[in-house]
Amino acid sequence: MARWHRHSAALVAALVGHAGNLDTLPLHAWTMLSAQEREALWAVSGARTWDYPRTALVHELVTEQAIHRPNAEAVVVGTEHLSYGALEAQSNQLAHWLRSQGVAPGACVGLCVPRGLSMVVGMLGIMKSGGAYVPMEPTTPSSRLAYMVRDTGMVQVLTVSSQVEQFTALPGGLQVVALDSEAHQATLSGYPQESVLRLPEQTAKRVAYVIYTSGSTGQPKGVLAPHMGVVRLVKAADYMSLTAGTRFLQASSMAFDATTLEVWGPLCNGGSCVLYPEPVLDVSGLNATIKRYGVNSLFLTSGLFSQWSEAQALPEELKWVLTGGDVVSPAAMARVREQLPQAELVVVYGPTENTTFSTYYRLPKSAWSPQAALPIGQAINGTRCFVVSRDGTLAPWGAEGELYLEGDGLALGYLNRAAQTAERFVDLGFSALNSGAPLRLYRTGDWVRYNAAGELCFIGRGDNQVKLRGYRIELGEVEAALTGLESVKEAVVLAEKGRGLERLVAYVLPTEEERLSDSAWPAELREALGLNLPEYLVPSVVVVLAAWPLTVNGKIDKGALPSPSVPLGGTVVAPKTAIEEHVVATVADLLQVPAEAISMDANFFALGGHSLLAVRLVSLLGRHWQREVPVQWVFDSRNLGQLAQRLSASATGALRAPITQRPSAGEGSGWPLSFGQQRLWVIDQLGGGSPQYNMPVALEVSGPLSVVRAEQALQGIVARHEILRTVYRERDGEAVQVLLESASIQLERHSVED
């Protein structure tokens, strides 16, 4: 109420001050904010501290680690690894060779390799040469790769032998080099292993890499990320701890900007980058990799985080778990908090145009309600956030507005897109708040507001852009790809979310009336799109319409578009065995369609499934049949029948032991320790009773304290939870856990006087 009175008074003052020209006074001049409130909003926008080396280049930070810790592990994948010294030597040789091939500062060099040691060496070597690496996923359609080659003007592509053919077919004299070929390795061996001389043109404001994101014009747009943006992300980070002890899992697509943190976060701080060894990510493989390599830091997109949260026995090795890319489920966060009470759980937010992350919210370890929506928090180091009204002025505290970002993380702009760069990177005239210096801002298109605690809360998108499965998608790009097909007259693409389902749905009008009754045409459209678009941009469902539903104003009434049904088509082949019936029932539940309409000869992805749903599918199947189900089975199976056959054939293999409650056999009985308990037992034996795993806390109580009641309360908690009455004992040379029938709690009293 007090704020309302202040705003009203400020508004009246503005009107009085312009009493002579109210008829021509622009609306934004009728400000409700006082000078003090504008200064307060500036203060809360973010602490723009620069306690990181603003003039450093990314690769120089890695070189610094190689000088001080040459034998320390830098990168590991499977049984292969590189020390910092070896990484430095190999990347230096590649940089010298690239320089000899004419790579100049700012030149784009393509990098199309699977996740592996050559990926990291390639990124580092390209930056050292002065060039900017352009990550290109090997699974990307050839037409899209060709566009990226043309748009960047690159003349070199570093790849592997299995990918050479798709580039050599491109016109324009592109130099294609297979990093894994013996001939190229022999060539590199003749170049120095010492560092490449830094050229004057290599500054922190020059581009480090170019990542392509979805574009509204029908073609992807290249975001120019500078070295300074990466350095600000990984040095003196306030959203997490990045040290020489960091072991960060690199599991994201190379073309997804989370890779920036996963690779350079550990390597610029002396830690280890652990590469996920398989091409397809699944929950069981993820947890196995974390445990095998002692991973302690992890980023997952919100969709995968939600599925991962449902796994049993999450790895206790994790100290930092970051999630973002879309709205994070509070229920998923609560499940992870329950299993990993000591881990730091962080919600992160940020567009590619501000170098990966812009804000963070660290989940408190107590006093948090899982029913509450999770905020996106506060600005990270080196970033400022402004909530701006539609008229381009600062929004009052608590009011909704578009989020604008400022700071060292901002991209240089969009490659060859001057108009779009000018549209998204703007100056709103906030120089008065910045001691007269102009502020370059990026308008995110996301609508937010501040809550009472001063944390940013996400409201939604303000344009035709959506986030799906961690990817930022311009629906216009998918619509343009559809209308580019000869058989499609018009198209509308929507993102459908809810009931655990996230997918793109396309509505199309055919150019020929015969297509209305062609049940095979939707699948043909999806196949045609897959030739030019990556998998996450291909709609899961295509709905064919004869005409659009229209509003009274003659616009397409998107709310009246029919609910999409999975394109089943043809004669339904019914399931025959119990396994087949369960596969169909599980798929039906995931896709929200009737089980009786799903045929055993239907393909999971043609039915509307996608990679994240595939992860959920194998998790559900494995849990029900108590056996490991690799996610690769879903990709390799032509239809549900083949998937059921694989599942049936695995029945003779080792079953996953069911998790059951073991009844207490009374005091004195012992059970084997879990892996986590074994680790703590060994540490305790080596440390001689060290209290390093104890967590002390001091509580200040105002008023009288009943020590007796406090003891009774603690006694009740211990009596209720068996784990609090569990101790370790050594028997026959092995440690076991023993449950005590009772345990007495007595508070020690100490008098502290001044």
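Please refer to the structure placed before this passage.
Residues numbered from 1 in each chain as written. Predicted model: local features only at pLDDT ≥ 70, side-chain atom pairs only at ≥ 80, totals over all residues. Heavy atoms only, no water.

1. With respect to the overall build of the chain
Defined as follows: Think of it this way: any DSSP run of H or I at least four residues long counts as a helix, any run of E at least two long counts as a strand, and we number them from the N terminus. Exposure categories follow from relative accessible area, calculated using a 1.4 Å probe and restricted to protein chains: below 20% of the type maximum is buried, above 50% is exposed, and the middle band is partly exposed. Residue contacts follow a heavy-atom distance rule, with two residues in contact if any of their heavy atoms lie within 4.5 Å. Computed with a 1.4 Å probe, the accessible areas rest on the Shrake-Rupley method; for each residue, only the protein chains presented here act as cover.
Along the chain, the regular secondary structure elements total 22 helices and 29 strands. The burial tally for the chain puts 50% of its 754 residues in the buried class. Counting contacts in the chain only where the partners sit at least 6 residues apart, residues at least 24 apart contribute 65% of the total. Total accessible area on the chain is roughly 35300 Å²; 53% of this is exposed by carbon and sulfur atoms.

2. Digging into the nonpolar core
The criterion, for reference: We call a set of buried Ala, Val, Leu, Ile, Met, Phe, Trp, Tyr and Cys residues a nonpolar core when their side-chain atoms join them within 4.5 Å.
Within the largest apolar cluster, 64 residues are counted, with the highest numbers of intra-cluster contacts made by L87, L158, Y239, W264, L267 and L322. Top element by residues in this core is helix α5 (residues 117-129). It accounts for eight residues. Counting residues in hydrophobic clusters, the runner-up holds 60 residues, among them L286, V336, A343 and W633.

3. Here's the deal with unusual backbone geometry
Backbone geometry places A313, a non-glycine residue, at a positive phi of 60 degrees. Looking at the element boundaries, A313 is found in the loop between α12 (302-308) and β12 (320-324).

4. A few points about the sheet that holds strand β29 (residues 734-739)
Just so we agree on the cut-off: By definition, two strands form a pair when at least two bridges between them are found by DSSP. Each axis is a line fitted through C-alpha atoms, taken for helices only over the stretch in contact, and angles between the N-to-C directions span 0 to 180 degrees.
The three strands lie next to each other as β27-β29-β28, forming an open sheet whose pairing is antiparallel. At either end of the open sheet lies a strand with only one pairing partner, and these are β27 (670-672) and β28 (726-731). Within the sheet, the average angular offset between the axes of one strand and its neighbour, ignoring direction, is 45 degrees. Where β28 lies against β29, six bridges are found, and the strand directions are antiparallel. Its bridge partner being in β29, R729 is matched across the sheet by V736.

5. Some details on the environment of C457
You can see C457 is positioned in strand β21 (residues 456-461). Residue classification places C457 among the buried residues on the basis of a relative accessible area of 15%. Beyond its immediate chain neighbours, meaning those up to four positions away, C457 contacts P375, I376, W447, V448, R449 and N451.

6. Observations regarding helix α20 (residues 640-649)
For clarity, the cut-off: Here a polar contact means two N or O atoms within 3.5 Å. Within protein one must be a hydrogen donor candidate and the other an acceptor candidate, and residues neighboring in sequence count only if both atoms are side-chain atoms.
Buried within α20 we find L640, G641, Q642, L643, A644 and L647. Against α17 (578-591), α18 (611-625) and α19 (632-636) lie the buried residues of α20. For α20, the side-chain oxygen to backbone nitrogen distance between the N-cap and G641 is 3.1 Å, and the N-cap itself is N639.

7. Focus on the packing of helix α9 (residues 227-234) against helix α10 (residues 258-267)
Our working definition: Note on angle classes: values under 35 degrees are labelled roughly parallel, values over 145 roughly antiparallel, values of 65 to 115 roughly perpendicular, and the remainder oblique. Classification convention: Asp, Glu, Lys, Arg as charged; Ala, Val, Leu, Ile, Met, Phe, Trp, Tyr, Cys, Pro as nonpolar; all other residues, Gly among them, as polar.
For the pair α9 and α10, the least separation of the axes is 10 Å and the interaxial angle reads 70 degrees. Regarding the angle of α9 to α10, the classification is roughly perpendicular. Between α9 and α10, the residues in contact are V230, L233 and V234 and T260, L261, W264 and G265, respectively. Of the residues contributing to the contact of α9 with α10, the split by class is five nonpolar, two polar and no charged.

8. Some remarks on the pattern of salt bridges
Pairs can form between side chains of opposite charge once their charged atoms are near each other. What counts, and what does not: The rule for a salt bridge is simple: a side-chain nitrogen of Lys or Arg has to be within 4 Å of a carboxyl oxygen of Asp or Glu.
Overall, the coordinates contain nine salt bridges when judged by the stated rule. Residue E60 is joined to R198 by a salt bridge in which the shortest nitrogen-to-oxygen separation is 2.8 Å. In this pair, E60 is assigned in helix α3 (residues 58-68) and R198 in the loop between α8 (182-188) and β7 (207-213), connecting sequence segments 138 residues apart. By relative accessible area, which is 26% here, E60 ends up partly exposed. According to the relative accessible area criterion, R198 is partly exposed, its value standing at 35%.

9. Section: a nonpolar patch on the surface
Going by this rule: Patch membership requires more than 30% relative accessible area and the absence of a salt bridge. Residues of like charge join within 9 Å; the nonpolar side chains Val, Leu, Ile, Met, Phe, Trp and Tyr join within 5 Å.
Taken together, the side chains of L714, I717, I723, L724 and L747 define a hydrophobic patch exposed on the protein surface, amounting to about 430 Å² of accessible area. Here L724 is to be found in the loop between α22 (707-720) and β28.

10. Digging into a negative patch on the surface
Worth spelling out the cut-off: As used throughout, the charge tally considers Lys and Arg to be positive and Asp and Glu to be negative, leaving His and the chain termini uncounted. By convention, charge coordinates are those of NZ in Lys, CZ in Arg, CG in Asp, or CD in Glu.
A cluster of acidic residues, E486, E512, E513 and E514, forms a negative patch on the protein surface. When you line up the elements, E486 lands in the loop between α15 (475-483) and β24 (488-498).

11. What about the packing of aromatic side chains?
To be explicit about the condition: Centre distance within 6.5 Å is the pairing criterion for rings of Phe, Tyr and Trp, where only the six-membered ring of Trp is used; planes under 30 degrees apart are then read as stacked, over 60 as edge-to-face, and the remainder as tilted.
With the rule as written, the count across this model stands at eight aromatic pairs. Measuring from centroid to centroid gives 5.8 Å for Y414 and F425, while their planes differ by 65 degrees, and the two rings are edge-to-face. A residue pair is termed long-range when its members are at least 10 positions apart, and Y414 in strand β18 (residues 413-414) and F425 in strand β19 (residues 425-426) qualify at 11 residues. Members of the aromatic cluster, connected to one another through ring pairs, are Y239, F299 and F357.

12. Structural notes on the pairing of strand β8 (residues 221-226)
Extensive coverage of β8 is indicated by the burial of six of its six residues. Here β8 shows a buried face lined by K221, V223 and A225 and a second buried face lined by G222, L224 and P226. With six bridges connecting them, β7 and β8 associate as antiparallel partners. Within β8, the residue paired with V207 across the bridge is P226. Alignment of β8 against β18, held across two bridges, turns out to be antiparallel. Paired with V223 across the strands is Y414, a residue of β18.

13. Some thoughts on helix α13 (residues 330-339)
Here is the rule we go by: Here, the arc refers to the directions that run from the helix axis to the C-beta atoms.
All of the buried residues in α13 are P330, A332, M333, V336 and R337. An end-on view of α13 places all buried positions within 155 degrees of arc, on one side of the element. Against α12, β12 and β13 (344-349) lie the buried residues of α13. Two to three positions downstream of the cap, the backbone nitrogen of A331 sits 3.3 Å from a side-chain oxygen, assigning the N-cap of α13 to S329.

14. Quick word on the environment of V346
Relative to the helices and strands, V346 is located in strand β13. Looking at V346, the relative accessible area reads 0%, which means it is buried. Between the alpha carbons of V346 and F299 there is a distance of 9.3 Å; along the sequence they are 47 residues apart. Setting aside chain neighbours within four positions, we find V346 in contact with Y239, W320, V321, L322, T323, Y360, Y361 and R362.

15. Looking at the pairing of strand β17 (residues 401-407)
Among the seven residues of β17, seven are classified as buried, and the element is accordingly described as predominantly covered. Summarising the sheet, strand β16 (residues 383-388) and β17 pair through six bridges and their orientation is antiparallel. Among the inter-strand pairings, F386 is bridged to a residue of β17, identified as Y404. Across four bridges, β17 lies against strand β20 (residues 441-450) in antiparallel orientation. For Y404, the partnering residue across the bridge sits in β20 and is R443.

16. Structural notes on the side chain of N354
With respect to the secondary-structure elements, N354 resides in the loop between β13 and β14 (359-362). When its relative accessible area of 0% is taken as the criterion, N354 is described as buried. Of note is the side chain of N354, whose polar atom sits 2.8 Å from the side chain of S358. Not counting chain neighbours up to four residues away, the residues in contact with N354 comprise R232, T383, L405, G409 and L410.

17. A closer look at the side chain of T260
The residue T260 is located in helix α10 in this model. Engagement of the side chain of T260 in a polar contact is seen with the side chain of Y209, the distance being 3.0 Å. For T260, the contacting residues outside a window of four places in its chain are Y209, V230, L233, G265 and T356.

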